[in-house]
Amino acid sequence: MNMEAFVLGCGGMMPLPYRHLTSVLLRRDGDLFLFDGGEGTQVSFRRLNLKWKKINAIFVSHTHADHVTGIPGILMLSAQVDRNEPLYIYGPPKIAEYIETSRRVLDMYINYPIVVKEIEAPCVVHSGDGFYIRAFPLEHTKTCVGYTLEELDRPGEFYPAKAAALNVPCGPLWSQLQAGNSVEAADGRTVCPEDVLGPKRSGRKFSYVTDTLYRPSIADEVRGSDLLICEGMFEDELIDQAREKKHMTASQAAAVARDADVRRMCMIHYSPRYTDRELSRLLEQAQKIFPAAELSRDRMSIDIPYVD
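Presented here is a report on the structure given in the accompanying data block. Residue numbers run consecutively from 1 along every chain, following the written order of its sequence. Under the rules for a predicted model, residues below a pLDDT of 70 receive no local features and side-chain atom pairs below 80 are neither given nor counted, while totals for whole chains, interfaces and linings still include all residues. Processing note: side-chain calculations cover all non-hydrogen atoms of the structure and skip hydrogens and water entirely.

**Topic: the nonpolar core**
Then, number 1: Counting residues in each nonpolar core, the largest one holds 59 residues, and the members touching the most others are Tyr147, Phe206 and Met265.
Then, number 2: Numbering of helices and strands starts at the N terminus; helices are DSSP runs of H or I of at least 4 residues and strands are runs of E of at least 2. No other element matches the six residues that helix α9 (residues 250–260) contributes to this core.
Then, number 3: Among the nonpolar cores identified, the runner-up in size contains 23 residues, and Phe6, Leu50, Ile58 and Ile95 belong to it. As used here, the term nonpolar core means buried Ala, Val, Leu, Ile, Met, Phe, Trp, Tyr and Cys residues forming a set that is joined through side-chain atoms within 4.5 Å. Burial classes: relative accessible area under 20% of the type maximum marks a residue as buried, over 50% as exposed, and values in between as partly exposed (1.4 Å probe, protein chains only).

Next comes the structure, spelled out in structure tokens:
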């Protein structure tokens, strides 16, 4: 099962000619999950040729303009095709009012169900086949949450030789064992999955954190992530400004990644004061703490493989 993240925009506060506002799409096989939707989200969707019409759910960190102004366009574009499945939108207080007001004032034509759920973190907000998405509180100038998508453990590796030795014929019964079901062998004995499978294997974890003061507790929430998308808005020299505006520096993002023992961390939500070339200063500072730190870029795709 493939999982891939697409950075649709990596900027904070205001869009720039070369940098859209913060938005990340996570694709897990046929499921599409959008995390925030800043201005310019639709442009990156089109340039990446992504199937924006099939978004399952939108997860909003908070209702500041640079994280939500791209959502009304997504809602209207999704009405250009037949869609029966509901679109779920999750976020802190005010997200329902924002969606309803946008629909009313813009006189949107919507031909599919939209289900808006205001959340109070920490909580599980969404779940599906083999995964769940959890929200946890952050500390910003208004109510803000981070999100993790975590897969359930996978069955262990299947050993055909063991199944054959236990008189289980090749075919549908092998599939049932791999799915975790007991079967009856040719000699009438019951064969359990643990008789032919290795130990369970962990699933993958994706985490999204933006617009928050640094707090050591963030590492607990994102611990063990295969990919952490984390705000690194300012360089260390502007830490006082970061505290005042309740944002993180690149070094603080790196500290979260280090303490959480994540496999990969990409920074996002850069201050518009930095040109793309100047972002190297943020990367330098982050890599002193977490050497594997990376800069995200608009329309960057990031594969999230299984690690067995």
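Still to come is the rest of the account.
**What about the packing of α9 against helix α10 (residues 279–289)?**
Then, number 1: The angle between two axes is taken between their N-to-C directions and runs from 0 to 180 degrees, where each axis is a line fitted to C-alpha atoms and a helix contributes only its stretch in contact. The geometry of α9 relative to α10 is characterised by a closest axis approach of 8 Å and an angle of 30 degrees between their N-to-C directions. It follows that α9 is roughly parallel to α10 by the angle criterion. Seen along the crossing, α9 lies across α10 with a hand that is right-handed. The residues of α10 that touch α9, namely those facing Ala250, Ser251, Ala254, Ala255 and Arg258, are Leu282, Gln285, Ala286 and Ile289. Oblique is the label for any angle not covered by the other classes, which are roughly parallel (under 35 degrees), roughly antiparallel (over 145) and roughly perpendicular (65 to 115). Here a crossing is called left-handed whenever its near helix is offset anticlockwise from the far helix by less than a right angle, and right-handed whenever the offset is clockwise. Residue contacts follow a heavy-atom distance rule, with two residues in contact if any of their heavy atoms lie within 4.5 Å.

**So, the sheet that holds strand β8 (residues 131–138)**
Then, number 1: When DSSP locates at least two bridges between a pair of strands, those strands are taken to pair. In space, the seven strands of this open sheet follow the order β7-β8-β9-β12-β13-β14-β15, with mixed pairing throughout. Either end of the sheet is taken by a strand with one partner, and the two such strands are β7 (123–128) and β15 (294–295).
Then, number 2: Note: β8 against strand β9 (residues 144–151), eight bridges, orientation antiparallel. Residue pairing for β9: Tyr132 is matched across the bridge by Glu150.

**Re the side chain of Thr22**
Then, number 1: Here Thr22 shows up in the loop between β1 (3–9) and β2 (23–28).
Then, number 2: Any pair of N or O atoms that falls within 3.5 Å is considered a polar contact. Within protein, one atom must be able to donate a hydrogen and the other to accept it, and sequence-neighbouring residues count only if both atoms are side-chain atoms. Reaching out from Thr22, the side chain makes a polar contact with the backbone oxygen of Gly11 at a distance of 2.8 Å.
Then, number 3: Not counting the four nearest positions on each side in its chain, Thr22 is found in contact with Gly9, Cys10, Gly11, Asp36, Gly37, Gly38, Asp66, His67, Tyr208, Ile268 and His269.

**Considering the environment of Asp36**
Then, number 1: Locating Asp36 in the fold gives a position in the loop between β3 (31–35) and α1 (41–48).
Then, number 2: The exposure class assigned to Asp36 is buried, which follows from its relative accessible area of 0%.
Then, number 3: Residues Asp36 and Phe131 lie 95 residues apart in sequence; the distance between their C-alpha atoms is 20 Å.
Then, number 4: A distance of 2.8 Å separates a polar side-chain atom of Asp36 from the backbone nitrogen of Ser61.
Then, number 5: Of note is the side chain of Asp36, whose polar atom sits 2.6 Å from the side chain of Tyr208.

By themselves, these figures tell us nothing about what the structure is for.
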